[in-house]
Amino acid sequence: MNGVIIISYFSDYKEDVKSFIEHDPATNNPLEVILLYPGFKALRSHRRAHWFFEHNMKFIARWISQHSAHKTGIEIHPGATIGRRVCIDHGHGIVIGETCEIGNDVMIYQGVTLGGTGKDVGKRHPTIKDGVMIGAGAKVLGPITIGEHAKVAAGAVVVKDVEPNATVVGIPGRVVRLDGERIDDLDQMTMPDPLFDAITKNSKLIDELRQEIDKLEDKNNENIEYNI
């Protein structure tokens, strides 16, 4: 039984290292991830803390959690549930609450908060489904669900459920559908901006109205000259 646990541990460890290498083009080798990446260290510490938390040794769990937060700048409550191949890029300033549930293959950038609103009891924090990307500085608050493969843009504040394959931008978070299809190559810099789109649309409308006004004025001037 112990042999199975050890094999599982090293399998998960190898999987975590591989995930960081695949997500970060600046990575040169696995040893660099293991020794130098705060996101990797925070996740490995969390797995130990979560084990103690689940076995009702909560003081030890919190001690591990706080020690890791002090070293990495990433605060993950030991009660949070985190899946496989999760990648935390840079990671400083990340906060993940106690009842947060994170699925597999999730990408989280620095400054993200997966927190509560202060009004809920019991399940107070978000559920993040498989394949979600959460951009730098985004805030996902309350017992809401972010669907599979959704993308939360940098700086967005999300307080409502998000459907799978959707993209969320802005404050408060607004779902933006792109031709009704998922776009796989979106990153933090190519997220759609609904405010910019609205300004562009209004500018175009104003130009069209000006042209109509100019036509009416020209027609009116022609009528005046004709009457004279």
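That block above? That's the structure.
Residues numbered from 1 in each chain as written. Predicted model: local features only at pLDDT ≥ 70, side-chain atom pairs only at ≥ 80, totals over all residues. Heavy atoms only, no water.

Visitor: Could you give an account of the sheet that holds strand β3 (residues 87–88), with specific residues and numbers?
Guide: Taken in spatial order, the six strands of this open sheet run β3-β6-β9-β12-β14-β15, and their pairing is mixed. If you trace the sheet from one side to the other, it starts and ends with β3 and β15 (174–176), each paired once. Relative to strand β14 (residues 167–169), strand β12 (residues 151–152) is paired through two bridges, and the arrangement is parallel. Across the sheet, the residue bridging to V152 is V168, located in β14. (Pairing = 2+ DSSP bridges. Helix = DSSP H or I, 4+ residues; strand = E, 2+ residues; numbered from the N terminus.)

Visitor: Which residues make up the sheet that holds strand β4 (residues 95–96), and what values do they have?
Guide: In spatial order, the strands read β1-β4-β7-β10-β13; together these five strands make up an open sheet with parallel pairing. The open sheet has two edge strands, β1 (75–76) and β13 (157–158), and neither has a second partner. Pairing geometry for strand β7 (residues 113–115) and strand β10 (residues 139–141), over three bridges, is parallel. Bridge pairing links G115 to L141 in β10.

Visitor: Quick rundown of the pattern of salt bridges? Include the residues and the values.
Guide: As enumerated under the stated definition, the model contains four salt bridges in all. R124 is the salt-bridge partner of E98, the closest N and O atoms lying 3.0 Å from each other. Of this pair, E98 sits in the loop between β4 and β5 (101–102) while R124 sits in the loop between β7 and β8 (127–128), placing them 26 residues apart in sequence. E98 gets classed as partly exposed once you look at its relative accessible area, which sits at 26%. Residues joined in a network through salt bridges with shared partners are E15, R84, R85 and D105. (Salt bridge = Lys/Arg side-chain N within 4 Å of Asp/Glu carboxyl O. Buried < 20%, exposed > 50% of the residue type's maximum accessible area, 1.4 Å probe, protein only.)

Visitor: Before we move on, could you go through unusual backbone geometry and cite the residues and values that matter?
Guide: Here the phi dihedral of N56 falls at roughly 60°; this positive angle occurs in a residue that is not glycine. By the secondary structure assignment, N56 is in the loop between α3 (38–54) and α4 (58–72). Backbone geometry at D105 places phi at a positive 60°, although glycine is not the residue there. Locating D105 in the fold gives a position in the loop between β5 and β6 (107–108). The class of D105 is partly exposed, set by a relative accessible area of 35%.

Visitor: Give me the nonpolar core: which residues, what numbers.
Guide: Membership of the largest hydrophobic core comes to 39 residues, with the highest contact counts inside it found for I76, I102, I108, L114, I128, I146 and V158. Secondary structure elements with two or more residues in this core: α1 (2–23), α3, β3, β6 and β9 (133–134). Looking at this core element by element, the count peaks at three residues for α3. Once residues within four sequence positions are removed from consideration, L114 is found in contact with V95, I96, G97, C100, I102, I108, H125, P126, I128, I134 and V140. (Core = buried A, V, L, I, M, F, W, Y, C linked by side-chain atoms within 4.5 Å. Contact = heavy atoms within 4.5 Å.)

Visitor: Would you mind going over the environment of K14 in detail, with residue names and values included?
Guide: Looking at the element boundaries, K14 is found in helix α1. According to the relative accessible area criterion, K14 is exposed, its value standing at 65%. Separated by 71 residues in the primary sequence, K14 and R85 place their C-alpha atoms 9.7 Å from one another.

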